[in-house]
Amino acid sequence: EPPHTGRLALYLLGLRATCPPASPHRSLVTWLKYYLEEDWTGSRRHGHPLTSYYQYGLGVLALCVHHKRVREEVIRRLLTAQHHRRLGHGGNSVDTEAVVALAFTCLERRKLVGTGLAAELRAAAHMASRSMAEAQGPDGIIGNIYSTPWALQVFLATGTCQTEPAFGQAMAALLENLEAFGTAATMAQVLPVLHGHSYLDIASMHCQEESGTSRGQRDWGQCWCHHSGWVSPVLWWFLTDTLTPLDIEPPTEMPGNKTVQLVVECPLPWCYELRLYDRPVPVPAAASLLDVLRAAAALEPHDFKFHTQDTPQGPFLTQVLGLEARQEKRNYWQLLTTPNTPLQMGIADYIPQDGETLILRLSEW
């Protein structure tokens, strides 16, 4: 079983943000340092961490936010990966580049590295910021809708949000697609950005006991990038210190049915043919992509089978027609609409249109 680098890193980031009264997390920090070393053992065989550079970067970021020094060798592993463009492709690349850039900025800002290395980290973070601006699509989205908040966090953390035109365009795209952020994990990525902050600001919080339900006084003190129209679309999220939404209207029912063309492709060399499945699937009008997969399995229980894995971001497609996407093999099931447009949502969130063709493509990263 691979190390739980990313999961423990996210837990420690969340723990720091809650201003714990004592330090029960000291042993967890030690475990995270251990995981970072165990994770890197995979590089000796595979040339990359056992988990991913995304999780590895999250681990470094979490240690920095807890004001813990990281061995220079650990930091240089990420610098080398960025220099040689090993951080992934597409939305996955944006997520990973952003996490790594945030880790670099944190280490440099908290003065947890020497002067020479700090200059390298600063340059690498700004290079990542420029790369994300170049990756922005005409719709304002950077990578995909879920990676866009990560890119915005980098603009905020590096102070480029006031001068980078991509920031305003990406924020506008984010506000138009807030319905995509329906899980706790995706909300945790987007809410700091909507408040004008990044995960780095957790490190500068001054925690102290307070009366009432709120503990922790936040001295954010970094770049606030105001954008006209922020408040009205998301006001119900900010009015309290909780995630309790106000005045939410229930989704309207969509009467009738629709037919979705479902295609399964495997363009990898070891697949016996490119197109493995190509059938119309009738479903209710409000059906999601996950509902389409379930309907296909019900229509042909012996021919069409799939499996998913529950994650904090929702169900993740892991196997289709017996072909499994595995992290150690560096492949995944890419979701597209015809002819070649990646979906911006997960299988449980995307609602296809009547007559739309959806492609499940086993791809490498």
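Right, let's walk through the structure included here. (Residues numbered from 1 in each chain as written. Predicted model: local features only at pLDDT ≥ 70, side-chain atom pairs only at ≥ 80, totals over all residues. Heavy atoms only, no water.)

1. Some thoughts on the state of the cysteines
In a disulfide, the sulfur atoms of two cysteines are held together by a covalent bond. Inspection of the entire model under this criterion finds one disulfide. Paired through a disulfide, cysteine 64 and cysteine 106 show a sulfur-sulfur distance of 2.0 Å. Judged by the sign of its S-S torsion, about -95°, the cystine formed by cysteine 64 and cysteine 106 is left-handed. Of this pair, cysteine 64 sits in helix H4 (residues 53-65) while cysteine 106 sits in helix H6 (residues 90-109), placing them 42 residues apart in sequence. Across the pair, cysteine 106 and cysteine 64 agree in class, each one buried. (Disulfide = S-S within 2.5 Å. Helix = DSSP H or I, 4+ residues; strand = E, 2+ residues; numbered from the N terminus. Buried < 20%, exposed > 50% of the residue type's maximum accessible area, 1.4 Å probe, protein only.)

2. Description of the sheet that holds strand E5 (residues 323-324)
One open sheet holds the three strands; their spatial order is E3-E4-E5, and the pairing between them is antiparallel. Because the sheet does not close on itself, it has two edges, and the strands there are strand E3 (306-311) and E5. Looking at chain direction, strand E4 (residues 314-320) and E5 are connected through two bridges and run antiparallel. The partner of valine 320 across the bridge, within E5, is leucine 323. (Pairing = 2+ DSSP bridges.)

3. Focus: the sheet that holds strand E8 (residues 357-364)
Paired through their backbone hydrogen bonds, the strands of a sheet run either parallel or antiparallel. Across the sheet, which stays open at both edges, the five strands sit in the order E2-E1-E8-E6-E7 with mixed pairing between neighbours. Both outer strands of the open sheet, strand E2 (275-284) and strand E7 (341-342), are each paired with one neighbouring strand and no more. Judged from the five bridges that link them, strand E1 (residues 257-265) and E8 form a sheet pairing that is parallel. When the sheet's bridge partners are listed, glutamate 265 is paired in E8 with arginine 361.

4. Comments concerning the nonpolar core
Formed by 113 residues in total, the largest nonpolar core has its most connected members in Leu61, Leu262 and Phe304. Per-domain counts for this core show at least three residues from each of domain 1 (4-203) and domain 2 (257-364). (Core = buried A, V, L, I, M, F, W, Y, C linked by side-chain atoms within 4.5 Å. Domains from an automatic or database assignment.)

5. Section: the pairing of strand E6 (residues 331-337)
Among the seven residues that make up E6, six are buried, leaving the element largely enclosed by the rest of the structure. Pairing of E6 with E8 involves seven bridges; the strand directions are antiparallel. In the strand pairing of E8, asparagine 331 is matched with glutamate 364. With two bridges joining them, E6 and E7 adopt antiparallel strand pairing. Residue pairing for E7: leucine 336 is matched across the bridge by proline 342.

6. Quick look at the pattern of salt bridges
With the rule as written, the count across this model stands at twelve salt bridges. A salt bridge links glutamate 37 to arginine 71; the nearest nitrogen and oxygen atoms lie 2.8 Å apart. Of this pair, glutamate 37 sits in helix H2 (residues 26-40) while arginine 71 sits in the loop between H4 and helix H5 (72-83), and the two are 34 residues apart along the sequence. Glutamate 37 sits in the partly exposed class, given a relative accessible area of 29%. Put simply, arginine 76 and glutamate 120 hold a salt bridge, and the shortest N to O gap is 2.8 Å. Within this pair, whereas arginine 76 is found in helix H5, its partner glutamate 120 is found in helix H7 (residues 115-134), the two being separated by 44 residues in sequence. In this structure arginine 76 comes out as partly exposed when scored by relative accessible area, which is 30%. Look at glutamate 120 and you get partly exposed, because its relative accessible area is 35%. Overlapping salt bridges bring together Glu37, Arg71, Glu73 and Arg77 as one network. (Salt bridge = Lys/Arg side-chain N within 4 Å of Asp/Glu carboxyl O.)

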